[in-house]
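Chain by chain, the residues:
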Amino acid sequence: MTDDNAARLKQARGLVPGLYGLSRALRLRGVAEAGLYQLPPSELEVLRYVMDTPGTPLSTMARELGLQTSNASVVVRNLVARELVEREPDPDDRRSVRLLPTMNAQHGMARIESSWAELLAVALENLSPDERDKLAAAGPALASLGKALKNPLTPEASR
């Protein structure tokens, strides 16, 4: 391992606890605060994926989220029953189903994200102005990191 790789690994290890804690806090809170029923983490993850990539086939969604197709089907069936996702036949392949968010999902996710923003705003009050500025400046980098983590990691990509 090169010195650069070792330094990058040390940086990553320093980020993990904070990112995990933040992710866990947001996952556990926000939904109830928005006045919505609690979605299991798997349903929330699939719903977020469908919101981000409407019209994606179920098989593609399952593969990209690392789910077995049968498990993904159960999650989608639950989301359809909750009127958060619609299934429609793929016009190019009638054997395939495309997933679309419903208006209920769009409104619900907007409420959840607003609730998360309110939770973060209250928590930010406990930080120094310098810490708040650093977090605000890190927003685009965190979004880029999230996108990079969606791509399959290869040894070449990690160098």
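Residues numbered from 1 in each chain as written. Predicted model: local features only at pLDDT ≥ 70, side-chain atom pairs only at ≥ 80, totals over all residues. Heavy atoms only, no water.

Novice: I would appreciate a short explanation of helix α5 (residues 103–124) in the present structure.
Specialist: For the α-helix, the turn length of 3.6 residues means that residues three or four positions removed from each other point alike. The terminal C-alpha atoms of α5, which comprises 22 residues, lie 31 Å apart, in line with the 32 Å expected from a rise of 1.5 Å per residue. Within the span of α5, buried status applies to Ala105, Gly108, Met109, Ile112, Ser115, Trp116 and Leu119. In an axial view of α5, the angular spread of the buried residues amounts to 125°, which keeps them on one side of the axis. Residues of α5 that are exposed and angled more than 90 degrees away from the buried face: Met103 and Glu118. The backbone nitrogen of asparagine 104 has a side-chain oxygen 3.3 Å away, supplied by the residue at the start of α5, namely threonine 102. (Helix = DSSP H or I, 4+ residues; strand = E, 2+ residues; numbered from the N terminus. Expected span 1.5 Å × (residues − 1). Buried < 20%, exposed > 50% of the residue type's maximum accessible area, 1.4 Å probe, protein only. Arc of directions from axis to C-beta. Polar contact = N/O pair within 3.5 Å; in protein donor to acceptor, adjacent residues only side chain to side chain.)

Novice: Whenever I open this one, the confidence of the model for the chain confuses me. Can you help?
Specialist: The predicted coordinates should not be examined in detail at positions where pLDDT is low. Mean pLDDT for the chain: 85, with 90% of residues reaching 70 or above. Across the chain, element-level confidence peaks in helix α4 (residues 69–81) with a mean pLDDT of 94 and bottoms out in helix α1 (residues 3–28) with 85. pLDDT under 50 marks residues 154–159. Its contacts with residues more than four places away, or in other chains, come to four contacts. (pLDDT = per-residue confidence, 0-100. Contact = heavy atoms within 4.5 Å.)

Novice: Help me understand a nonpolar patch on the surface in this model?
Specialist: Among the surface-exposed residues, Leu15, Leu19, Leu142, Leu145 and Leu149 lie close enough to one another that they form a single nonpolar patch of about 420 Å² accessible area. Among the secondary structure elements, those contributing two or more residues to the nonpolar patch are α1 and α6 (129–150). When residues in the nonpolar patch are grouped by element, the largest group, three residues, is from α6. Considering the arrangement of structural elements, one finds leucine 15 in helix α1. (Patch = residues over 30% accessible without salt bridge, like charges linked within 9 Å, V, L, I, M, F, W, Y side chains within 5 Å. Areas by Shrake-Rupley, 256 points an atom, 1.4 Å probe, with all protein chains shown as cover. Salt bridge = Lys/Arg side-chain N within 4 Å of Asp/Glu carboxyl O.)

Novice: What is the right way to look at the packing of helix α2 (residues 41–52) against α5 in this model?
Specialist: Relative placement of two packed helices is described by the angle separating their axes and the distance separating the axes. Where α2 meets α5, the closest approach of the two axes is 11 Å, and the angle between their N-to-C directions is 110°. Classed by the angle they form, the pair α2 and α5 counts as roughly perpendicular. At the point where α2 passes α5, the crossing takes the left-handed sense. On the side of α2, the interface is formed by Leu44, Leu47, Arg48 and Met51, while α5 contributes Ala105, Gln106, Met109, Glu113 and Trp116. (Axes fitted to C-alpha atoms, helices over the stretch in contact; angles between N-to-C directions. Parallel < 35°, antiparallel > 145°, perpendicular 65-115°, else oblique. Left-handed = near helix turned anticlockwise from the far one by under 90°.)

Novice: Any chance you could explain the environment of leucine 28 here in plain terms?
Specialist: On the secondary structure map, leucine 28 appears in helix α1. Taking the C-alpha atoms as reference, leucine 28 lies 9.7 Å from leucine 39; in sequence the two are 11 residues apart.

Novice: I would appreciate a short explanation of α4 in the present structure.
Specialist: Look at α4: 18 Å from first C-alpha to last across 13 residues, which is about the 18 Å you get at 1.5 Å a residue. Inspection of α4 places Ala72, Ser73, Val75, Val76 and Leu79 among the buried residues, and these make up the whole buried set. Take α4 and look down its axis: the buried residues cluster within an arc of 165°, on one side only. Away from its buried face by more than 90 degrees, α4 exposes Ser70, Arg77 and Ala81. The elements touched by buried residues of α4 are α2, α3 (58–65), β2 (85–90) and β3 (93–101). Of the residues trailing α4, glutamate 83 is marked for its positive phi of about 60°.

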